[in-house]
Amino acid sequence: MRNSIRLSIRPVLYLMLTGLTALLSFSPADSAFVSENMAHANALLKNMLRQASGTTFPKTIDASGKLKSTSMYDWTSGFFAGNLWYAYEASHDETLRQAAIQWTEKLAPVQMFTGNHDLGFMMYCSYGNAYRLTGNPAYKAVLVQSAKSLATRFSSVTGSIKSWDKFVSWHGQPTYTFPVIIDNMMNLELLFFASRATGDLSFRQIAVTHANTVLKNQIRPDFSCYHVVCYDDKTGAVLGRETAQGYADNSTWSRGQAWGIYGFTVMYRETRDPVYLDAARRMADYYLTNKNMPADKIPYWDFNLYQPGFTPGPEAHTAEVTAPLRDASAAAITASALLELGGYLGRAGTTYRLAAVTMLRSLASPDYRANPGENGNFILKHSVGSIPHGFERDVPLVYADYYFLEALLRYAALGKARPGRY
Ligand code: GLY
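This write-up is about the structure you can find in this document. (Residues numbered from 1 in each chain as written. Predicted model: local features only at pLDDT ≥ 70, side-chain atom pairs only at ≥ 80, totals over all residues. Heavy atoms only, no water.)

1. So, the packing of aromatic side chains
- Counted by the stated rule, this structure contains 30 aromatic pairs.
- Between Trp164 and Phe167, the ring centres sit 5.9 Å apart and the planes meet at 40°, which makes this aromatic pair tilted.
- Trp164 sits in the partly exposed class, given a relative accessible area of 22%.
- In this structure Phe167 comes out as buried when scored by relative accessible area, which is 5%.
- By way of ring pairs, the aromatic residues Trp75, Phe79, Tyr86, Phe121, Trp259, Tyr262, Tyr399, Tyr402 and Tyr403 are connected into one cluster.
- Cation over ring: Lys106 sits above Phe57, and NZ or CZ is 5.9 Å from the ring centre.
- Looking at Arg220, its charged tip hangs above the ring of Tyr226, at a distance of 4.1 Å from the centre. (Phe/Tyr/Trp six-rings, centres within 6.5 Å; stacked < 30°, edge-to-face > 60°. Buried < 20%, exposed > 50% of the residue type's maximum accessible area, 1.4 Å probe, protein only. Lys NZ or Arg CZ within 6 Å of the ring centre and 35° of its normal.)

2. Points about the site of the ligand
- The ligand sits among Trp75, Asp183, Gln245, Trp253, Arg255 and Trp259.
- Measuring from an oxygen atom of the ligand, one finds a side-chain N or O atom of Gln245 at 2.8 Å.
- At 2.7 Å, a side-chain N or O of Arg255 approaches an oxygen atom of the ligand.
- Coverage of the ligand by the protein amounts to 93% of the 200 Å² it exposes when considered alone.
- Of all the cavities here, the one that holds the ligand is the second largest pocket.
- Of the residues that constitute the shell around the ligand, the class distribution is three nonpolar, one polar and two charged. (Near = heavy atom within 4 Å. Polar contact = N/O pair within 3.5 Å; in protein donor to acceptor, adjacent residues only side chain to side chain. Areas by Shrake-Rupley, 256 points an atom, 1.4 Å probe, with all protein chains shown as cover. 1 Å grid on protein atoms, 1.4 Å probe; cavity = no way out; pocket = protein on both sides within 12 Å on 5 of 7 lines; lining within 4 Å. Sits in = over half its atoms within 2 Å of the grid points. Nonpolar A, V, L, I, M, F, W, Y, C, P; charged D, E, K, R; others polar.)

3. Looking at the nonpolar core
- Counting residues in hydrophobic clusters, the biggest one holds 131 residues, and the most contacted among them are Phe264, Leu338 and Tyr403.
- A per-element tally of this core places helix 13 (residues 398-413) first, with 11 residues.
- Each residue touching Phe264, except ones within four places of it in the same chain, is listed here: Met185, Ala211, Val214, Leu215, Ile219, Tyr276, Ala279, Ala280 and Met283.
- Counting residues in each nonpolar core, the second largest holds six residues, with Ile181, Val228, Cys230 and Ala244 among its members. (Core = buried A, V, L, I, M, F, W, Y, C linked by side-chain atoms within 4.5 Å. Helix = DSSP H or I, 4+ residues; strand = E, 2+ residues; numbered from the N terminus. Contact = heavy atoms within 4.5 Å.)

4. A word on helix 9 (residues 254-271)
- In this model, helix 9 (18 residues) spans 26 Å end to end at C-alpha, consistent with the 26 Å of a helix rising 1.5 Å per residue.
- The element helix 9 is largely enclosed, with a buried count of 18 among its 18 residues.
- Remark: Arg272 follows helix 9 within two positions and exhibits a positive phi of approximately 60°. (Expected span 1.5 Å × (residues − 1).)

5. Looking at unusual backbone geometry
- Although it is not a glycine, Asn375 sits at a positive phi angle of roughly 65°.
- Tracing the backbone through its elements, the reader meets Asn375 in the loop between helix 12 (349-363) and helix 13.
- Residue class for Asn375 comes out buried when judged on its relative accessible area of 14%.
- A positive phi angle is found at His382, which is not glycine, with a value near 65°.

6. Section: the layout of surface pockets
- Reported here for the second largest pocket is a volume of approximately 380 Å³.
- Around the second largest pocket sit 23 residues that line it, and Trp75, Asp118, Trp164, Gln245 and Phe391 are the ones nearest its centre.
- Considering only residue class, the lining of the second largest pocket consists of 11 nonpolar, six polar and six charged. (Points joined across faces, edges and corners; volume = space filled by probe spheres on them.)

7. Observations concerning the pattern of salt bridges
- All chains considered together, the criterion is met by 20 salt bridges.
- Among the salt bridges present, the one from Arg196 reaches Glu270, with a minimum N-O distance of 2.7 Å. Taken as a pair, Arg196 in helix 7 (residues 188-198) and Glu270 in helix 9 lie far apart in primary sequence, 74 residues in all.
- Taking the relative accessible area as the measure of exposure, Glu270 reaches 13% and is therefore buried.
- For the salt bridge of Arg255 with Asp327, the shortest nitrogen-to-oxygen distance reads 3.0 Å. (Salt bridge = Lys/Arg side-chain N within 4 Å of Asp/Glu carboxyl O.)

This is the structure in C-alpha cells:
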C-alpha cells in the first residue's frame, strides 16, 4: 500500500518540480505574438478553404502560384486537416472545426493503407488531433486500425519498419528492398497511441525496437544522421547508408535532422528512457551549434552544403545546387520539437526553448511569413521538398505550416498545465 502511494506520488512530484523549474527558468510566452500569428493563420486557412473546395489535399503551389493538391495517399495528406485543428484549438472558431472534421474524415480509407510507412504523418496529424480535441471514439478506432496497417511493415529480422518497398540508389545500383529513412521516427507516436488505446503492448514494442535500430545504425557519432539506411531483409545486415533528399550520402539533410530531434523527443516522452533524451539533445546540439547555421536559425536545406572543407561523396547532387536555399519546414519542425525537449531538461532546457523562440520569430517575420493574397494562402514561404528530385524548390509546404502552428501552441502553453501532446 505504502509503495503504491509512493509510486503514484512520484510522477506528481516530478511534474510539479519540472513545471516549477520551467517556470523559474523560462518566462511565459509572448501571448500577443502567438495571438497575432494565430489570427493571421486563421485568415489564410479560411482563404485556403475556399480555394481548396473541390480539390484533393493542399500541399504547395506551382511556378505560377497555383495551388497544387495531392492524393490522400501522399505522405502530406493529413497536414491540412491538422492545420485546421490547430487553428480551431487557438480560436474555437466553429467554421474551422467543421472544416477540420470534413478534411479529416476524407482520409478514412487511408487507415487500411499498407503501401509505405507514412501512416503516422497522414493519420496522427489529422485523426490524432481530431481525437484529442473531440474525444470521438470513431476517430480512436481509425487510429488503431492505422497503427495496425503501419505495424504490418515491421520486420523482427531488421528490427525496423520498412519505409518504402524499394529505394533506387542515386548510384544507379542496387535497388534496395528494405530502406528505412530517418523520417520514419515520426510515425512511432501513432504506435504508442495504439498501445494506450487498446492495451496491446506490441505496438509500443515495435516503436521501441525501431528507435533502437535507428540509434544503432542511422545516427553518426557526432549525432548527425544518415537519411536512408538499407537492410538485407533476410539477415538484417546493413547494406547501404545513403541519401534520398540530402546533398550527399555523407551529408546531413536538414529536415532529416529535424525529424530525428522530434522523433527522439517523442520517444523520451513515451518511455522516459534517458537514452532517447540524450539522443534528442545531442541531435539538437548538432543542429543548433552547426557552423553553417545562418543567424536567423533557418537552416540551408543541407547542413554540409556550404561547409568549407566538406568533401561530398562522388554521388553528391552538385549539379542541383544552384542557390543557397533555406528550408523553413526544417526550422518549424525543430522549433516545435525544442519547445517540448526543453521541458525535459530542467534549467538546461532554457537554451533549447530560447532557440525555438528565435526560430519562431524568424519564421513569423516578413522574410518567411506570407501576406494574405500571396504564397497561395500558405503561411510560410521558403521551404524545400527535394532538391535531388528537382521538385519543390523554395516553395510553401503544408507541413511547414503545420509544425509552425504546433510550435506556436506549444509556446503559448509554456508554464501552463495542458493535457495531451503539450
Ligand atoms: N518524407 C518526408 C519528407 O520529405 O520530409
